[in-house]
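So you can see what is in the structure, the chains are spelled out below.
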Amino acid sequence: MNDPSIHADETPTTETRQLGPHFTPTHPVALAPVTTPPHSVDGFVKEFLRELNGSQGVALAGSTVNDQYLALARTVRHYLMARWLETKRHHRLAKSKTIGYLSAEYLLGRQLGNALLATDLTEIADKALAGCGLNIATLRAQEVEPGLGNGGLGRLAACFIDSLATMNVPCIGYGIRYEYGIFRQTFVDGRQVEQPDTWLSLGGPWEFPHPESAVQVDFGGHTETYDDMGTPRTRWVPAWNVLGIPYNYMVPGYQNGRVNTLRLWSAQATKAFDLEIFNAGDYAEAVRAQTFAENITKVLYPEDSTPQGKELRLQQQYFFVACSIRDFIEQMLEEDFDLHDLPKRIIFQLNDTHPVIAVPELMRILVDEKKFEWDEAWAITTQCFAYTCHTLLPEALETWSVELLGRLLPRHLEIIYKINDNFLAEVRAEFPDDALRARRMSIVTDYPQRSVRMAYLATVAATKVNGVAALQSELLAEKVLPDFSTYWPDKFTNVTNGVTPRRFIRLANPSLSEVITDALGPGWVTDLERLEELEPYAEDEDFRKAFRESKETNKKRLYNLLRARDGIDLPEGHLLDVMVKRLHEYKRQSLKLLHVVTLYDGLISGRLDPETVTPRTVIFGAKAAPGYKMAKETIFLINSVAATINADKRVEGRLKIAFPANYNVTLAEKLIPAADLSEQISLAGMEASGTGNMKFALNGALTVGTDDGANIEIREHVGDENFFLFGMTEPEVTALTAAGYEPSHYYETIPELKSAIDLISSGAFSDGDRNAFELVVSNLLHQDRFMALADYKAYMDAQARVEEAYADEEAWTRSAILNVARSGFFSSDRSMTEYLARIWDRRRSGPAES
C-alpha cells in the first residue's frame, strides 16, 4: 500500500490512480470546482439551522432530538453532495471501468460518524452543536443502523465499498433495501425472540429515492419461440411483474473528494391500488398487489423452511440482480454504447451465490432482447462476472430446484440448461473416457432432487473464482470444487479478507487512534501497513502505559453503554473475554460455554482455588437464524448458565457472563476495542475467513483460536508467541472423521468435561429441570458434528496459558501492541488492491491442457 494515490490526505484534482489497462482513463479528467458549505463552525451552524427550520419545519427551541439528528444528518450530507455529483460527472466523462458489487447484504453501521470522518467535520460539528446548546453524542445515539445483513458477508461488503471509494476506484454497490432488515433480537425467559427491525421508522436521511428510475422485473409465465426474419428466437411471456425503486446512498472516500454510490432496490407493485375494487368495498383485495410486491423486499432472508419461503428468497435474489443489470446498461452507459464492449466498462463481483442468477439474466438480455448470437453473448458474459465463495459448508452452497426455477423464471432455466449442455460438451471433449467427471461437474444435478447448483454456475461463468483466506481457498479448490480447479487451474485464486480501518479503528477506537497518531503521525488510516512502525514502541514503557490507558478507556465506555442499553453491570479489573459472531454450531459457542461451565464447576466444587483464577468477564454476542433450532437452544443454554453464575455469590468477583441482545455493528464498535481476548474457535477447515478476528487483533486483543480461516494468517503475522493456538488441524479433523469420531469417548475419559456436561444435565442451570437442555447435550454426546469435545482438552490448556500470560501485565501489553503493529495486512484496502490485480483486470482462462 505504498501507492501515494491511495492515500486520502488530499482532495484529488485528477483521476490518476493506476488500476490496470481497463480501469485507467485514456487521459486525466480534471475535476471541476465544487461548491460546498463553508468548512467552519459558523458555516456549519448556519447549515444546521437552515435544515432544522426548512426541512424539519421547527425552531431549535421547539425541536426534538430526532428533529435535531435529521437536521444534522442532512447538514453533513450537504457537505458530501457536491462531491458526489462531481464524482458522477467525472465518471461519465472518463468512461472508466466500474466495479459492480452485487451483494444480498450490506451491514453499513451508523452513517453519521463515518460521514463526519470522511469530510473531516467531526471537530467542527462538535463545536457547532455545542454552540447551539446541543450534545453531538446524544444526536449520534439517535441514529438506527440499517440492519441489511446477517454477519460477516454484509460487514465485508460494507468494508469493500468503503475501501474502493477511499482508493478512488469507480464502484457501484448493488443490493436490497429491506424494509425491516435482519430481525431485532430480544430475550424472553432466556430464549431468542425476533422482533421487526424498524430501522426506517424515524426517517432515513441518508437515502435518495428515485421512483422515476424504476425498473420492471418480470416473473412466472412461459416461453415461446418465434421467427425473427428467418432466425428462430425465444421470448419470455411473464405472468406478473413488480417495479424496483432505486434508493441511492453515498459511499464517501476518506477525505479524498470521491463519493461512490450504493444503490439499494425496493419492490413496489406495478399497479399498487385498484380503485374500482376499493369502491366495491373489498379494501384488502384493492391493495393485494402492493402487499404481494412489497413482500419481496420486506425482510432479509425470509425463513425458508417452507416452499413459500424458498420461493420468496429466489424472488429476492432475481429481483435485485435484474434491477441492477438493467440499471447499469440503461442508466450508466451511453445510449449508443456497443454492448460487445461491455467487459471494458463493468465487472460484476458476485458476493457469494445469492446474486448468481445474474448470469442467465445478462445472457437473456443479450440473446433475447439485444438479438446477440449465443456464442458472442456468452463470450461477453464470461468476462463480466467474478465469483467470491465464502463457505466450505456443503449446505451453504445454494441450490434451487428445477421445479421452482421453471415456475418462477422459465426462460432463465432454459438458458441454464443450454449453458450446462455446452459446458458438459467441452468437458466430455477434454475427458472423453471419464463419464463420471461430467456428471460431477454438471450445473444441474438429479440428487437428491433435480436442482441447479448455483456455485457451479458461478464457477463456469466467472472469469475468476476466489476464496477469502489462504486455507479456505486451498480447500475450496481441493475439496469443494476440485474438478473445476483441475479444469481451470488459473481461474482459482485467493484474496484474504480485510476490514476498513476508518470505521473499525479510527471511528470505533478514537483513544487508540490518538495513541497511534502520536507515535506515527497522520497517514496510517489509508496505509495500514505503517502500523509495523509501532513494533519498537512495544519496548517503550511510556507507550505501553498509554496503550493500557486506551484499553481502560474503552472498557469504561463499553461498561457505560451496556449499563444504559441492557441494564448489565460489569465488574472492573477483569480479563474481558469476548466471543461475538453469528450463532452456528461450527463456530462452537458450545465449546466456549463448556469452558465457562468448567470454570464455574471448579470454583463451586473447590477443585479450583479462587485466588488462583484470573477474574474474567465473558461476553457473548450472537443471533441465531429464526429456523435454526439447535442455535436457538444454544442461546437459551448460554443465557441460563449466565443467570445462574451471575447470581451465585460463591463466584462473585471471579466470573461474570454477559449476553447483550441484538449484537450489531454499533455495539461491535464499542465492544471490540474493549476486549482483551478474542475467541476464534471454529473447527479447523470450517470457517471461510472471518473478519471479526481481524478487528480484534487490530484493536489490541490477543486471540485464542484454531488454525482455521484467517486465524492462520493472523498467527503468521503476529507471531506464535502472541497468539494462543489450540486444537486439531484440518488434516487431523479429516483423519478423525475418517476413523469414526466418537464424542462419548472424550466425555468418558476427561473428568472435567464429564463433570461440566453432567452439571448442565443436572438441572443446575434450569431450576432442576433435567431435560431443559436435552437437545444440546444429546447432540454433544452422540453427534458433535464440529468436534467440540475432541478439542476441549486443548482448549482448556490454551485458556490456562491465557491466564498465565495475563498475569504479566507488561508482557501482555507488549503482545497486544505487536498484534496491532503486525496486523496492517488485514486492511480491506489491501484486499481491494489484490482484487484489482488478481481478478478485475484478468481475462478468462481456458481449460487445462491434459
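The structure displayed is predicted, hence computed values, not measured ones.

## What to know about the overall build of the chain
A count of helices and strands for the chain gives 33 helices and 23 strands. Taking 29 Å as the expected radius of gyration for a compact globule of 850 residues, we find that the chain reaches 27 Å, a close match to that expectation. In terms of overall dimensions, the chain has C-alpha extents of about 90 × 75 × 65 Å along its principal axes. Long-range pairs, those at least 24 residues apart, make up 77% of the contacts in the chain between residues at least 6 apart in sequence. Carbon together with sulfur atoms contributes 50% to the accessible area of the chain, which is approximately 32600 Å² in total. Between the centroid of the 87 positive side chains of the chain and the centroid of its 117 negative side chains there is a distance of 2 Å.

## Regarding the pattern of salt bridges
All told, the structure shown has 58 salt bridges when counted by the stated rule. As a salt-bridge pair, Arg-263 and Asp-327 come within 2.7 Å of each other at their nearest N and O atoms. Of the two residues, Arg-263 sits in strand 10 (residues 259-269) while Asp-327 sits in helix 10 (residues 307-332), which places them 64 residues apart along the sequence. Each member of the pair, Arg-263 together with Asp-327, is buried. Taken together, the salt bridges that share partners define one network made up of Arg-326, Glu-330, Glu-361, Arg-364 and Glu-369.

## Description of the packing of aromatic side chains
Under the defined criterion, the tally for this structure stands at 28 aromatic pairs. Taken together, a centroid distance of 6.0 Å and an interplanar angle of 80° make the contact between Phe-423 and Tyr-487 edge-to-face. Here Phe-423 is found in helix 14 (residues 410-430), whereas its partner Tyr-487 is found in helix 18 (residues 482-487), with 64 residues between them in sequence. Each member of the pair, Phe-423 together with Tyr-487, is buried. Here the aromatic cluster, defined as three or more aromatic residues joined through ring pairs, consists of Phe-423, Phe-431, Tyr-456, Phe-484, Tyr-487 and Trp-488.

## Quick look at empty space enclosed by the protein
Within this structure, the stated rule accounts for nine cavities of 30 Å³ or more. Estimated volume of the largest cavity: approximately 210 Å³. For the lining of the largest cavity, the secondary structure elements donating two or more residues are helix 6 (152-166), strand 9 (240-252) and helix 19 (501-507). Sorting elements by how many residues they give to the lining of the largest cavity places helix 6 first, with five residues. Considering only residue class, the lining of the largest cavity consists of eleven nonpolar, three polar and three charged.

## Points about unusual backbone geometry
A cis amide bond links Tyr-447 with the next residue in sequence, Pro-448, at an omega value of -5°. Here Pro-448 lies in the loop between strand 14 (444-445) and strand 15 (451-453). Of note, Arg-588 is a non-glycine position whose phi angle comes to about 65°, a positive value. Judged by its relative accessible area of 1%, Arg-588 falls in the buried class.

## Quick word on the sheet that holds strand 15
The strands that make up a sheet are held in pairs by hydrogen bonds between backbone atoms, and each pair lies either parallel or antiparallel. Read across the sheet, three strands follow the order 13-15-14 without closing on themselves; strand pairing throughout is antiparallel. Because the sheet does not close on itself, it has two edges, and the strands there are strand 13 (399-401) and strand 14.

## Re helix 11 (residues 358-369)
The end-to-end C-alpha distance of helix 11, which contains twelve residues, comes to 15 Å, matching closely the 16 Å that a straight helix rising 1.5 Å per residue would cover. The buried fraction of helix 11 amounts to eleven of the twelve residues, a majority that puts the element mostly inside the structure. Every buried residue belonging to helix 11 is among Ala-358, Val-359, Pro-360, Glu-361, Leu-362, Met-363, Arg-364, Ile-365, Leu-366, Val-367 and Asp-368, and all of these are buried. Within two residues after helix 11, Lys-371 carries a phi angle of roughly 65°, on the positive side.

## With respect to the pairing of strand 18 (residues 575-580)
The side chains of a regular strand alternate, residue by residue, between the two faces of the sheet. With respect to burial, strand 18 is a largely interior element, six of its six residues being buried. Side chains Leu-575, Asp-577 and Met-579 project from strand 18 onto one buried face, and the interleaved Leu-576, Val-578 and Val-580 project onto a second face that is buried too. Bridge count between strand 18 and strand 19 (residues 616-621): six bridges; the pairing is parallel. In the strand pairing of strand 19, Asp-577 is matched with Val-618. Each parallel crossover has a hand, and for strand 18 linked through helix 22 (residues 589-605) to strand 19 it is right-handed. Alignment of strand 18 against strand 21 (residues 677-680), held across two bridges, turns out to be parallel. Paired with Asp-577 across the strands is Leu-677, a residue of strand 21.

## Considerations on the layout of surface pockets
Counted as a void, the second largest pocket has a volume near 460 Å³. Elements with a minimum of two residues in the lining of the second largest pocket: helix 2 (65-94), strand 2 (171-176), strand 9, strand 10 and helix 10. If you tally residues by element for the lining of the second largest pocket, the top one is helix 2, at five residues. Of the residues contributing to the lining of the second largest pocket, the split by class is eight nonpolar, nine polar and eight charged.

## Here we look at the sheet that holds strand 18
Taken in spatial order, the six strands line up as 20-19-18-21-22-23 in an open sheet, and their pairing is parallel. The open sheet terminates on both sides in strands that have one partner only, identified here as strand 20 (655-658) and strand 23 (723-725). On average, adjacent strands in this sheet sit at an angle of 20° to one another, irrespective of strand direction. Both strand 22 (residues 702-705) and strand 23 contribute to a ladder of three bridges, which runs parallel.

## Describing the environment of Glu-549
Position of Glu-549 relative to the elements: it lies in helix 21 (residues 541-566). Taking relative accessible area as the criterion, Glu-549 reaches 44% and is therefore assigned partly exposed. Note: C-alpha distance between Glu-549 and Asn-114 (435 residues apart in sequence) is 25 Å.

## Considerations on the side chain of Ser-550
Note on placement: Ser-550 falls in helix 21. Relative accessible area serves as the criterion here: at 5%, Ser-550 is assigned to the buried category. Once residues lying within four places of it in the same chain are set aside, the contact partners of Ser-550 are Asn-509, Ser-511, Leu-512 and Val-515.

## Considerations on the nonpolar core
Counting 158 residues, the largest nonpolar core has Phe-319 and Leu-342 as its most contacted members. Top element by residues in this core is helix 10. It accounts for eleven residues. Not counting chain neighbours up to four residues away, the residues in contact with Phe-319 comprise Val-217, Phe-219, Val-242, Leu-243, Gly-244, Trp-265, Ser-266, Ala-267, Ile-296 and Thr-297. Membership of the second largest hydrophobic core comes to 108 residues, among which are Val-651, Tyr-746, Val-777 and Ile-817.

## A word on helix 22
The α-helix advances 3.6 residues per turn, and as a result positions three or four apart in sequence lie on the same side. For helix 22, spanning 17 residues, the distance from its first C-alpha to its last is 24 Å, which sits close to the expected 24 Å at 1.5 Å a residue. Among the 17 residues of helix 22, 15 are classified as buried, and the element is accordingly described as predominantly covered.

## A short note on the packing of helix 1 (residues 41-54) against helix 4 (residues 122-131)
For the pair helix 1 and helix 4, the least separation of the axes is 9 Å and the interaxial angle reads 65°. As helix 1 packs across helix 4, the resulting crossing turns out to be right-handed. Contact residues: Val-41, Phe-44, Val-45 and Phe-48 in helix 1; Ile-124, Ala-125, Lys-127, Ala-128 and Leu-129 in helix 4. Broken down by class, the residue content of the contact of helix 1 with helix 4 amounts to eight nonpolar, no polar and one charged.

## A few points about the confidence of the model for the chain
Of all residues in the chain, 94% have pLDDT values of 70 or greater, and the mean over the chain is 93. The low-confidence segment residues 1-34 (pLDDT under 50) makes 84 contacts with residues lying over four places distant or belonging to another chain.

Criteria and cut-off values
- Residues numbered from 1 in each chain as written.
- Predicted model: local features only at pLDDT ≥ 70, side-chain atom pairs only at ≥ 80, totals over all residues.
- Heavy atoms only, no water.
- Helix = DSSP H or I, 4+ residues; strand = E, 2+ residues; numbered from the N terminus.
- Rg over C-alpha atoms; globule rule 2.2 N^0.38 Å.
- Contact = heavy atoms within 4.5 Å.
- Areas by Shrake-Rupley, 256 points an atom, 1.4 Å probe, with all protein chains shown as cover.
- Lys, Arg positive; Asp, Glu negative; His and termini not counted.
- Charge placed at Lys NZ, Arg CZ, Asp CG, Glu CD.
- Salt bridge = Lys/Arg side-chain N within 4 Å of Asp/Glu carboxyl O.
- Buried < 20%, exposed > 50% of the residue type's maximum accessible area, 1.4 Å probe, protein only.
- Phe/Tyr/Trp six-rings, centres within 6.5 Å; stacked < 30°, edge-to-face > 60°.
- 1 Å grid on protein atoms, 1.4 Å probe; cavity = no way out; pocket = protein on both sides within 12 Å on 5 of 7 lines; lining within 4 Å.
- Points joined across faces, edges and corners; volume = space filled by probe spheres on them.
- Nonpolar A, V, L, I, M, F, W, Y, C, P; charged D, E, K, R; others polar.
- Pairing = 2+ DSSP bridges.
- Expected span 1.5 Å × (residues − 1).
- Right-handed = clockwise from strand over helix to strand, strands pointing away.
- Axes fitted to C-alpha atoms, helices over the stretch in contact; angles between N-to-C directions.
- Core = buried A, V, L, I, M, F, W, Y, C linked by side-chain atoms within 4.5 Å.
- Left-handed = near helix turned anticlockwise from the far one by under 90°.
- pLDDT = per-residue confidence, 0-100.

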